[in-house]
Amino acid sequence: MTGNPPSLNLSPEVLSIMGETGFAYLAKAREIKEKKGIPIYSFGIGQPDFPTPKHIVEAAKQALDEGFTGYTETAGIPELREAIADYLNERYHGEVSPEEIVVTPGAKTAIYLALASYITEGDEVVIVEPSYYAYAMVVKMRRGKPVFAAADFVPGKGFVINTDKILEKITGKTKAIVINNPHNPTGSIFSPSQIDGLVEIAREKGILLVSDEIYDNFVFQGKFKSLLEYEDWRDTSVVVNGFSKTFSMTGWRLGYVVARKEVIPRLKALAVTMYSCATSFVQKAGVAALRGDWTPVREMVQEFKERAELLHNELSKIPGFESYLPHGAFYLYPRISSLLEMTGLTTEEFVNYLLEEKGVVILPGASFPDKAGVNHVRFSFATSKDVIKKGTSLIREAVEELLNKQ
Ligand SMILES: Cc1ncc(COP(=O)(O)O)c(C=O)c1O
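Procedures and definitions
Residues numbered from 1 in each chain as written. Predicted model: local features only at pLDDT ≥ 70, side-chain atom pairs only at ≥ 80, totals over all residues. Heavy atoms only, no water. Near = heavy atom within 4 Å. Polar contact = N/O pair within 3.5 Å; in protein donor to acceptor, adjacent residues only side chain to side chain. Areas by Shrake-Rupley, 256 points an atom, 1.4 Å probe, with all protein chains shown as cover. Phe/Tyr/Trp six-rings, centres within 6.5 Å; stacked < 30°, edge-to-face > 60°. Helix = DSSP H or I, 4+ residues; strand = E, 2+ residues; numbered from the N terminus. Buried < 20%, exposed > 50% of the residue type's maximum accessible area, 1.4 Å probe, protein only. Lys NZ or Arg CZ within 6 Å of the ring centre and 35° of its normal. Pairing = 2+ DSSP bridges. Domains from an automatic or database assignment. Buried area = accessible area lost by both parts, 1.4 Å probe. Salt bridge = Lys/Arg side-chain N within 4 Å of Asp/Glu carboxyl O. Contact = heavy atoms within 4.5 Å. Expected span 1.5 Å × (residues − 1). Arc of directions from axis to C-beta. Core = buried A, V, L, I, M, F, W, Y, C linked by side-chain atoms within 4.5 Å.

A word on the site of the ligand
Then comes step 1: Around the ligand, a shell composed of 14 residues is seen, among which Asp212, Tyr215, Ser244, Lys245 and Arg253 lie nearest.
Then comes step 2: In this structure, an oxygen atom belonging to the ligand sits 2.8 Å away from a side-chain N or O atom of asparagine 184.
Then comes step 3: Lysine 245 places a polar side-chain atom, nitrogen or oxygen, 2.7 Å from an oxygen atom of the ligand.
Then comes step 4: Relative to its unbound accessible area of 400 Å², the ligand is 94% covered by the protein chains.

Remarks on the packing of aromatic side chains
Then comes step 1: One pass over the full model with this rule turns up 25 aromatic pairs.
Then comes step 2: An angle of 75° between the planes, with centres 5.1 Å apart, marks the rings of phenylalanine 247 and tryptophan 294 as edge-to-face. Of this pair, phenylalanine 247 sits in the loop between β9 (237-242) and β10 (255-258) while tryptophan 294 sits in the loop between α11 (280-291) and α12 (295-316), and the two are 47 residues apart along the sequence. In this pair, the class of phenylalanine 247 matches that of tryptophan 294, namely buried.
Then comes step 3: An aromatic cluster is present here, built from Phe50, Tyr215, Phe218, Phe220, Phe304, Phe330, Tyr331 and Phe381 joined pairwise through their rings.
Then comes step 4: A cation over an aromatic ring shows up here: lysine 284 above the ring of phenylalanine 68, its NZ or CZ 4.5 Å from the ring centre.

Quick word on the pairing of β10
Then comes step 1: Neither face of β10 is exposed, since Gly255 and Val257 on one face and Tyr256 and Val258 on the opposite face are all buried.
Then comes step 2: As defined by bridge partners, strand β2 (residues 101-104) adjoins β10 across 4 bridges and the pair is classed as antiparallel. By the bridge assignment for β10, valine 103 is matched with tyrosine 256.
Then comes step 3: Pairing of β9 with β10 involves 4 bridges; the strand directions are antiparallel. Bridge assignment links glycine 242 to a residue of β10, and that residue is glycine 255.

Brief notes about the domain arrangement of the chain
Where interface size is given, it is often the accessible area lost as the parts come together that is meant.
Then comes step 1: In terms of domains, the chain is made up of domain 1 (6-51 + 296-405) and domain 2 (69-291).
Then comes step 2: The straight-line distance from the C-alpha centre of domain 1 to that of domain 2 is 25 Å.
Then comes step 3: Of the roughly 3400 Å² buried where domain 1 meets domain 2, counting both sides, 64% is carbon and sulfur surface.
Then comes step 4: In this structure, the connection of domain 1 to domain 2 is made through 1 salt bridge.
Then comes step 5: Taking the shortest distance from any N to any O, the salt bridge between arginine 143 and glutamate 13 comes out at 2.9 Å.
Then comes step 6: The interface formed by domain 1 and domain 2 includes 17 residue pairs in polar contact (both at pLDDT 80 or more).

A short note on the sheet that holds strand β14 (residues 377-380)
Then comes step 1: Here 3 strands make up an open sheet; going across it, the order is β11-β14-β13 and the pairing antiparallel. Of all strands in the sheet, those bounded by a partner on one side alone are β11 (331-332) and β13 (363-364).
Then comes step 2: Pairing geometry for β11 and β14, over 2 bridges, is antiparallel. Looking at the pairing, leucine 332 lines up with phenylalanine 379 of β14.

Section: unusual backbone geometry
Then comes step 1: Residue proline 182 follows asparagine 181 across a cis peptide bond; omega there is -15°.
Then comes step 2: Relative to the elements of secondary structure, proline 182 occurs in the loop between β7 (174-180) and α8 (192-205).
Then comes step 3: Here the residue pair proline 369 and aspartate 370 is connected by a cis peptide bond, since its omega of 10° sits within 30 degrees of zero.
Then comes step 4: Secondary-structure assignment places aspartate 370 in the loop between β13 and β14.
Then comes step 5: At serine 276, a residue that is not glycine, the phi angle is positive and equals roughly 65°.
Then comes step 6: Here serine 276 shows up in the loop between α10 (264-274) and α11.
Then comes step 7: Classification of serine 276 as partly exposed rests on a relative accessible area of 26%.
Then comes step 8: The residue alanine 329 is not glycine, and still its phi comes out positive at about 55°.
Then comes step 9: Tracing the sequence through the fold places alanine 329 in the loop between α12 and β11.

Re the environment of arginine 143
Then comes step 1: Considering the arrangement of structural elements, one finds arginine 143 in the loop between α6 (134-141) and β4 (145-150).
Then comes step 2: In this view, arginine 143 contacts Glu13, Thr120, Glu121 and Gly122; residues no more than four positions away in its chain are not counted.

A short note on helix α5 (residues 107-118)
Then comes step 1: Across its 12 residues, α5 extends 17 Å between first and last C-alpha, which sits within 8% of the 16 Å expected from 1.5 Å per residue.
Then comes step 2: Where burial is concerned, most of α5 is hidden: 9 out of the 12 residues are buried.
Then comes step 3: Every buried residue of α5 is accounted for by Ala107, Thr109, Ala110, Ile111, Leu113, Ala114, Leu115, Ala116 and Tyr118.

Considering helix α3 (residues 54-65)
Then comes step 1: Spanning 12 residues, α3 covers 16 Å between terminal C-alpha atoms, matching the ideal 16 Å at 1.5 Å per step.
Then comes step 2: Buried within α3 we find Ile56, Ala59, Ala60 and Ala63. The buried residues of α3 all sit within an arc of 95° when viewed along its axis, so they share a single face. The outward face of α3, more than 90 degrees from its buried face, is lined by the exposed residues Lys54 and Asp65.
Then comes step 3: Packing partners of the buried residues in α3 comprise α11.
Then comes step 4: Positioned one or two residues after α3, glycine 67 has a phi angle of 75°, which is positive.

Things to note about the nonpolar core
Then comes step 1: Ranked by internal contacts, the top residues of the largest apolar core, which has 136 residues, are Ile166, Ile177, Phe243, Phe321, Phe350 and Phe379.
Then comes step 2: In terms of residue count, the dominant contributor to this core is α12 (8 residues).
Then comes step 3: Per-domain counts for this core show at least three residues from each of domain 1 (6-51 + 296-405) and domain 2 (69-291).
Then comes step 4: In this structure phenylalanine 350 touches Phe321, Ile336, Leu339, Leu340, Leu345, Ile362, Ile395, Val399 and Leu402, once residues within four positions along its chain are discounted.

Dropping the structure here:
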């Protein structure tokens with residue numbers, strides 16, 4: 001038989017989605033390391049380079065020793081939902097009840113759960129770009145249409161939300177607006193007044209706001225305003241958060257969705273169909289994370305703040321890099337248009353040159369849909385100061401070589 005029978009063809013939705021570039025470059029870097037035997041300096045993946053704090057690990061071990069290994073409630077064990085509600089209420093005063101939380105295996109599943117619960121064929125979803133890639137992919141999986149509204153790049157400052165651009169994109173089909181704050185890939189924190197502007201749009205137009213607040217503890221400067229701080233959050237918003245970044249628990253897979261109580265039964269129906277429940281003993285570890293000692297988190301955030309300054313200072317010395325000081329998350333997304341003009345390279349060609357010639361991993365801006373970041377590159381500074389120093393000096397060397405060739 002030649003070719004596949006049609007039954008073996010994948011669905012158009014699955015064929016339309018892209019994977020995560022950070023993971024793809026991780027694999028590429030491993031290949032280069034093996035082939036060339038050169039050390040790799042990675043600013044690629046967004047994963048804290050700190051171990052999970054010990055008391056969290058101990059809580060998981062204890063849960064395993066006690067045989068806490070069965071299925072749990074789909075929405076998550078009550079003590080974890082209570083701990084999450086207490087955490088959110090202490091910080092954001094939204095009076096979230098444990099019945100308004102669904103625990104998920106990682107924030108990615110929370111993003112899927114939140115968007116798939118609301119979006120159907122033909123719905124338009126406005127996504128502030130550049131954006132974490134998963135939002136647009138889930139919208140596509142639901143046969144919705146991602147519509148991108150660019151944040152403005154303000155040289156020397158970073159990115160700001162432009163509510164006029166968002167308003168321009170709203171049509172009768174717009175169902176939701178997705179934001180992420182503090183922001184991956186830019187390291188910007190959208191100011192309280194920018195968030196007020198979005199909430200105002202949601203209220204006036206009856207559009208749902210989906211807010212991914214997974215970096216809410218990575219705030220170095222300025223104020224982060226959660227959507228849960230608005231008294232009427234239940235009428236406008238669904239919030240996604242998780243443990244991966246704050247507690248350095250990326251591999252544990254623990255996240256959650258916060259939504260008004262009335263929709264939780266449907267979210268749970270989808271959740272039980274997708275994953276039954278988050279891993280039992282990981283949920284116990286989550287309780288220890290939220291209720292335990294936050295000193296390791298504070299120390300890590302302080303270290304990240306210092307790295308943000310170091311990386312910005314080092315990049316500012318490189319010709320063609322328009323850097324700025326990131327205020328949150330652990331990313332920096334400089335514009336490199338003049339460097340591209342001077343060298344005649346595309347962003348992808350420059351990124352590949354750095355990887356192949358110098359062993360330095362950074363990500364092309366367009367990995368963060370849609371097109372607002374084509375002339376940018378993303379650095380994750382979830383890596384040591386030594387790597388930051390060595391990696392940026394290699395980038396400087398590469399840029400000088402490329403400019404000398406002109
Ligand atoms: C904005 C944003 N949301 C969600 C995630 C995924 O988090 P998790 O590993 O908990 O699924 C990431 C990971 O990089 C992220 O940057």
